[in-house]
Amino acid sequence: MSVEKEMILQFAPWESFVSPTFWHKLAEIKLDLDRLSDSKRSITGHYTNRNASACLLEVDYTAYNRTAQPPKFSHSAIGTIYNKNTIEEFKALDKLHLLADEGKELLADMCSGGVLRDPSLLTRFFVISFADLKCHSYYYWFAFPCPLTPTLKLRGAVQKLRNLPNSDSYIEALKSLPAESQNFFILYANKEQEVVEARNLSSLDENDVEHYYFGFADPSEYEHPAWLMRNYAAFLLQQCPSFVGKTLKFLGLRYNQQMQVDDSRIWQVIQTEACDLSQAGEVKFVGWELNKNGKMGPRMVCMRDSMDPAKLAENSVNLNLKLMKWRLVPDLNLEVISQTKCLLFGAGTLGCAVARNLLSWGFKNITLLDNGKVGFSNPVRQNLYTHADAVAGNRMKATTAAQRLREINPSAETAGHVLEIPMPGHTIGESLLAQTREHLHVIEQQVQDHDVIFLLTDSRESRWLPTLLGAANQKIVINAALGFDSYLVMRHGTTREEAGDVGQEIEGLKCINGDQLGCYFCNDVTAPGNSLKDRTLDQQCTVTRPGVSNIAASYAVELLVALLQHPRRELAPAYYAQSGRGKSEEAAGKVPEGLLGILPHSIRGMLCNFENILPATQKFAQCIACSAAVLNAYKKEGHAFLLKTFETAKYLEDLTGISEFKRLNSEIIDFDDDEFDMSEEDED
């Protein structure tokens, strides 16, 4: 009796492998299409016989496609999903009746010839499920229906293909079989005629059974064949009743990682009892999958981490960035981007555009400083505001922009502070002194708490204090300024000192190291004054071509990202050409590139001719914002120094010594009227 048990052929049961994307798609279909309908829906799965692990049948988001194409080296399985509306309906399903119904459809395909036309019908499965979309939990149970037929008995030991006599001819024949026909096929081997060829299952002729190896793509890694062979054998015995009592040879086709089939298995089996599957009402079925505890029952998976909208948004935002690392930029450091804290001075046209680009690159910590309210002219140019914000009349730009950023990416950590940026030449009265000191404390604290400062305000003098604080606290400073059809984007030179390699010398190029690059004010020999005084409306507003701000904002963020990816960060050198135009273009091609390309000091562009130039300038020893004299005075006197500067910009000119430059350049030579006679005769 024990010998007979050992001769019974056993099968490796299917194991379901469900991708999270399968549940994501199911949730989408349930919410948008099915709603209250719980009608069954056709799906597909796939399995592989290449380097197979266990005996897996996989489903993912493509399962719901009408014309699903299996992945490479995989084969299709035909399935159905019954997704119920409530957990009670899921539990109340008549499991035996449902298994029988699905099994009868399998038998119908076997008896009608459908399997001969499409052999994948033999790998039938179905799923019952309930989707708890509120908690992102999914209850499910897979079944792989199979008719309960008389046992198959194994004759002889299991053989490997490579151990067969003349195995090379078998392997060559298998190579000629198209991949799409390898799920179920026939290997015809006639030793007398010395013919070995692979044939489609539709060529089945029961008179040639002695020459047949009934082949199938075997996803089992065990000595036992996969569960699908059980349906294959049932179909063959139903199709050809004369096979009963005869030895049948089954070939389980298995590929290794190198696509070799030497380890494919051969089982010689016999079924001694007939079974008429055409009488479907009398046939019983088996095939429910055991749960993880090895018992008959459903499984449950919680997809909260991957399917909660906030988590999904974060994963989706990072998808494009992570795909960059696959091939395009394998060394891209996304962690340094996500951990960098950005402080934006200004939440207007530039501020909104920069903030959106920062989100796209995966920056999560963004703070905005601005004192303005959302006006009716803002929403069309400033993409974080709406008409409703303007209608409300009291929506502050800084806090509204921060809220919008969180709505776009819930995982972003954003904040907005409503405050005035004190400016040189803008006198502060006694009544505003306490408020100014409070705002100064907030600004100073924010600069200290962030890694990068963006200067995005609409006046020159409003950039002075952030420039000073950035230099004093050794922060990365990115500046963007707009003209009507022009823009300037630049990185300020750093005050951080660090030993390291200086930039390499290249013929035709001038190299300026990062700690020697100038700031926004280094090219000026005058202190900023009140730019709003005695100006008409068009001079007070930033009037630009609409596309200028988006271009400048994009360059500003891209410049920062390139800087963060450079091994020397803000100490990275900048290069510019010294020679004539023709030679300049030749030299420009020699500029060393970082991970994301060249790293300029500044980008000056014009829309009138759609050109950019990349100048680089050195620090000005008497700069009114980043020179040693100004930084030392601020560190020594603190707010007292700042208040003197706010009272009159001339204080900065005297402190740095540029007053003397202005005096020399402003000397006027007086002429007597007689020496400069402008008569009408002379004009003629």
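Rules used throughout
- Think of each chain on its own: its residues are numbered from 1, step by step along the sequence as written.
- For this predicted model, a pLDDT threshold of at least 70 governs which residues receive local features, and a threshold of 80 or more governs which side-chain atom pairs are given and counted, while totals over whole chains, interfaces and linings are taken from all residues.
- Hydrogens are left out, water is left out, and the side-chain values use all remaining heavy atoms of the structure.
- Every helix listed is a DSSP run of H or I at least four residues long, and every strand listed is a run of E at least two residues long, numbered separately from the N terminus.
- Three labels apply to residues, based on accessible area from a 1.4 Å probe with only protein chains included: buried if under 20% of the type maximum, exposed if over 50%, partly exposed otherwise in between.
- Should any heavy atoms of two residues lie within 4.5 Å, those residues are considered in contact.
- A helix is expected to span 1.5 Å for every residue after the first.
- Arc definition: directions from the helix axis to the C-beta atoms.
- Strands qualify as paired when DSSP identifies two bridges or more between them.
- To define axes, lines are fitted to C-alpha atoms, for helices over the stretch in contact only, and angles between the resulting N-to-C directions are given on a 0 to 180 degree scale.
- In this scheme, roughly parallel covers angles under 35 degrees and roughly antiparallel covers those over 145, while 65 to 115 is roughly perpendicular and the rest are oblique.
- Two helices that cross are described as forming a left-handed crossing if the nearer one is turned anticlockwise from the farther one by less than a right angle, and a right-handed crossing if clockwise.
- The definition of a polar contact used here is a pair of N or O atoms within 3.5 Å, where within protein one atom must be able to donate a hydrogen and the other to accept one, and adjacent residues in sequence count solely through side-chain atom pairs.
- In summary, the pairing rule links any two rings of Phe, Tyr or Trp, Trp by its six-membered ring, whose centres are within 6.5 Å, and it sorts them by plane angle into stacked for under 30 degrees, edge-to-face for over 60 and tilted for everything else.
- Lining residues are those with an atom within 4 Å of a point, where the points come from a 1 Å grid over the protein atoms alone and group into cavities, where a 1.4 Å probe fits but cannot get out, or pockets, open sets with protein on both sides within 12 Å along at least five of seven lines.
- Grid points are joined across faces, edges and corners, and a volume is the space filled by probe spheres set on the points.
- Gly falls in the polar group here, along with every residue not listed as nonpolar (Ala, Val, Leu, Ile, Met, Phe, Trp, Tyr, Cys, Pro) or charged (Asp, Glu, Lys, Arg).
- Residues grouped as a nonpolar core are buried Ala, Val, Leu, Ile, Met, Phe, Trp, Tyr and Cys residues, joined through side-chain atoms within 4.5 Å.
- Any carboxyl oxygen of Asp or Glu that lies within 4 Å of a side-chain nitrogen of Lys or Arg is treated as forming a salt bridge with it.

1. Here we look at the overall build of the protein chain
- Within the protein chain, the secondary structure is distributed over 23 helices and 25 strands.
- Considering the protein chain as a whole, with its 684 residues, one finds that 48% of them fall into the buried category.
- Taking the intrachain contacts of the protein chain between residues at least 6 apart in sequence as the baseline, contacts between residues at least 24 apart amount to 73%.

2. Notes on helix α2 (residues 20–34)
- Between its terminal C-alpha atoms α2 stretches 20 Å, which fits the 21 Å expected from 15 residues at 1.5 Å a residue.
- Listing the buried residues of α2 in full gives F22, W23, L26, A27, I29, K30 and D34. Angularly, the buried residues of α2 cover 165° about the axis, an arc narrow enough to put them on a single face. Opposite its buried face, α2 presents the exposed residues L31 and D32, each directed more than 90 degrees away.
- Just downstream of α2, R35 is the residue with a positive phi angle, here 50°.

3. Thoughts on the sheet that holds strand β19 (residues 452–455)
- Across the sheet, which stays open at both edges, the eight strands sit in the order β18-β17-β16-β19-β20-β21-β24-β25 with mixed pairing between neighbours. Two strands in the sheet have a free side with no partner beyond their single neighbour: β18 (413–418) and β25 (611–613). The mean inter-strand angle of the sheet, taken between neighbouring strand axes irrespective of direction, is 15°.
- In this sheet, strand β24 (residues 602–606) lies alongside strand β21 (residues 486–491) in antiparallel orientation, the contact comprising five bridges. Directly across from L488, in β24, lies its bridge partner R604.
- Against the sheet, helix α11 (residues 349–360) touches β16 (341–345), β17 (365–370), β19 and β20 (476–482), its axis set at about 165° to β16.
- Contacts between helix α14 (residues 433–449) and the sheet are confined to β16, β17, β18 and β19, with β16 contributing the most and set at about 145° to the helix.

4. Concerning unusual backbone geometry
- Even without a glycine there, the phi angle at N166 is positive, about 60°.
- Relative to the helices and strands, N166 is located in the loop between β8 (159–160) and α6 (167–175).

5. Remarks on the packing of α14 against helix α20 (residues 639–647)
- One can describe the packing of α14 onto α20 by two numbers: an axis separation of 12 Å at closest approach and a directional angle of 120°. Classified by the angle their axes make, α14 and α20 are oblique. For the pair α14 and α20, the crossing hand works out as right-handed. Of the residues in α20, those touching α14 at L433, R437, L440, H441 and E444 are H639, L642, L643 and F646.

6. A short note on the side chain of R491
- Along the chain, R491 falls in strand β21.
- Among the polar contacts listed, one links the side chain of R491 to the backbone oxygen of P600, at a separation of 2.9 Å.

7. Some thoughts on the packing of aromatic side chains
- The tally for this structure, following the rule as stated, stands at 27 aromatic pairs.
- Consider the rings of W14 and Y47, whose centres lie 5.4 Å apart with planes at 65°: the pair is edge-to-face. Within this pair, whereas W14 is found in the loop between α1 (2–7) and β1 (15–18), its partner Y47 is found in strand β2 (residues 41–48), the two being separated by 33 residues in sequence. Across the pair, Y47 and W14 agree in class, each one buried.

8. Considering empty space enclosed by the protein
- Summed over the entire model, instances satisfying the criterion amount to four cavities of 30 Å³ or more.
- Within this model, the largest cavity holds a volume of roughly 80 Å³.
- Lining of the largest cavity is provided by T467, G470, A471, K475, V477, H492, G493, T494, T495, C519, K619 and C626.
- Per element, the largest residue contribution to the lining of the largest cavity is three residues, and it comes from helix α15 (residues 464–472).
- Residues that form the lining of the largest cavity fall into these classes: four nonpolar, six polar and two charged.

9. Observations concerning the nonpolar core
- Ranked by size, the top nonpolar core spans 76 residues in total, and within it F214 and F250 carry the most contacts.
- Non-local contacts of F250, meaning those with residues more than four positions away in its chain, are made with F214, F216, M229, Y232, A233, L236, R265, I266, W267 and V269.
- Core analysis: the next-biggest nonpolar cluster, separate from the first, contains 51 residues, V329, A355, A402 and L405 among them.

10. Side note on the pairing of β19
- Residues V452 and F454 line one face of β19 and the alternating positions I453 and L455 line the opposite face, and both faces are buried.
- Taken together, the four bridges between β16 and β19 define a ladder with parallel strand orientation. Looking at β19, one finds that F345 is bridged to L455.
- The pairing of β19 with β20 spans four bridges and is classified as parallel. Following the sheet pairing, F454 is matched in β20 by I478.

11. Quick word on the side chain of N183
- In this fold, N183 is placed in the loop between α6 and β9 (184–190).
- A residue is classified by how much of its surface remains accessible, and N183, at 8% relative accessible area, is buried.
- Non-local contacts of N183, meaning those with residues more than four positions away in its chain, are made with Y47, H75, P119, S120, G215, F216 and A217.

12. Overview of the pattern of salt bridges
- Counted by the stated rule, this structure contains 20 salt bridges.
- Where R124 meets D109, a salt bridge forms, and the shortest distance between an N and an O atom there is 3.6 Å. Linking R124 in strand β5 (residues 124–132) with D109 in helix α4 (residues 95–112), this pair joins segments that are 15 residues apart in sequence.
- A relative accessible area of 9% means that R124 is categorised as buried.
- Taking relative accessible area as the criterion, D109 reaches 18% and is therefore assigned buried.

13. Some details on the pairing of β24
- Sheet topology places β24 next to β25; three bridges connect them, and they run antiparallel. Bridging across to β25, M606 finds its partner in E611.
- Connecting the antiparallel pair β24 and β25 is a turn made up of four residues, with F610 showing a positive phi of about 55°.

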